[in-house]
Amino acid sequence: MSNRRDFIKKTTLGTLAVSSFFGHSGLAATENKTEGIEKKQKKPVVISTWNHGLPANEETWKQLKAGKPALDALEAGMKIPEADPKVRSVGYGGYPDRDGKVTLDACIMDHNSNCGSVCFLQGIMHPISVAKRVLQNTPHVMLAGQGALQFALSEGFKEENLLTPESEKDWKKWLEDSKYKPVINIENHDTISMLMLDQDGNLTGGCTTSGAAWKMHGRVGDSPIIGAGLFLDNEVGAAAATGLGEAVIRTAGSAMVVELMRQGKSPFDACKEITERIYNKHKNHKDMEYLQVGFIALNKDGEHAGYSLRSGFNYAVSDDEKGHRMEDAKFKMPWK
């Protein structure tokens, strides 16, 4: 009987010793790695649309490295083009609508899927900041028009004239023919959309724009619409759009890009597939003559990409590996 107990005791101790050995050996570590693909997360990463995204990225990067919260860092970066009168499609200096009014749209979204948005906002230079206050200080996602302005004023924002002499001059020249035809990246201008993977591995995103030049008074594009101009899921990735907002809204573009990444597609393949979907739905559409759409995407591993329907779309990238730079997005077709 004692021999049997001694045998069981020795066998158990031997098994524990073998388990301990393999649990700490290089062989066991190799086996664990082969069970699934392990990727090293690259962070932080900031990407944003167009040339005016570069100074925005630089400020956001500076804020991140100083330890600022992600929402504050993103807001600080996007305020740069909003306040720049040379950026004719965002904030102060943006092209007006056909009535000569500068109307602004913006949204912001954090890693907990909290959202804030304003649309058809007039007289406030920094709609991205108002959108952030909507996220933080209201039970709502979106405020519009006069209600958005009232809220902004109640939060201490200053009302001011956003129509610069240069934009007014261009508007009056446009009135001579009054033809509406978007020229989205012929002049390299449009929405600024920004996506960020911070030091903690969390995603944040935002969009801000003065919308299409010479639009009808009251028109709202995709930029303030969560799921169209911007969407993120902190388990998966983030995406944002640029270009003709109507086409992006019709396909819930950014949400679809994120959903494809959830299904395992890379940021590039996800952007490309939704751009192709938009093309197929619009190839016989009245908008096709001037249609341009583009997407940027960033996944949880820090992988990023951009893709557009037509040539000319570029985006800014910031990371520790290569610093701040512009990258040209691949595209389906050139401008004719």
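My aim in this report is to walk through the structure given alongside it, one point at a time. Just so we're clear, the structure is a prediction, and the values are computed from it rather than from any experiment. (Residues numbered from 1 in each chain as written. Predicted model: local features only at pLDDT ≥ 70, side-chain atom pairs only at ≥ 80, totals over all residues. Heavy atoms only, no water.)

1. Some thoughts on unusual backbone geometry
Thinking step 1. For the bond from Lys43 to Pro44, the omega torsion is -5°, close enough to zero to count as cis.
Thinking step 2. One non-glycine residue, Trp50, lies in the positive phi region at around 70°.
Thinking step 3. With respect to the helices and strands, the residue Trp50 is situated in the loop between β1 (45-49) and α3 (53-65).
Thinking step 4. Residue Trp50 is classed as buried on the basis of its relative accessible area of 0%.
Thinking step 5. Here the phi dihedral of Phe120 falls at roughly 55°; this positive angle occurs in a residue that is not glycine.
Thinking step 6. Looking at the element boundaries, Phe120 is found in strand β3 (residues 115-122). (Helix = DSSP H or I, 4+ residues; strand = E, 2+ residues; numbered from the N terminus. Buried < 20%, exposed > 50% of the residue type's maximum accessible area, 1.4 Å probe, protein only.)

2. Remarks on the pairing of strand β12 (residues 323-328)
Thinking step 1. Note: strand β11 (residues 314-319) against β12, six bridges, orientation antiparallel. Bridge pairing in β12 places Asp319 opposite Gly323.
Thinking step 2. Hairpin connection between β11 and β12: a loop of three residues separates the two successive antiparallel strands. (Pairing = 2+ DSSP bridges.)

3. Here's the deal with the nonpolar core
One broad rule of soluble globular proteins: the nonpolar side chains tend to lie buried together.
Thinking step 1. Counting 30 residues, the largest nonpolar core has Ile108, Val118, Leu121, Ile124, Val130 and Met196 as the members making the most contacts within it.
Thinking step 2. For Val130, the contacting residues outside a window of four places in its chain are Val118, Leu121, Ile124, Ala148, Phe151, Ala152 and Phe157.
Thinking step 3. Core analysis: the next-biggest nonpolar cluster, separate from the first, contains 25 residues, Ala228, Leu244, Met288 and Phe295 among them. (Core = buried A, V, L, I, M, F, W, Y, C linked by side-chain atoms within 4.5 Å. Contact = heavy atoms within 4.5 Å.)

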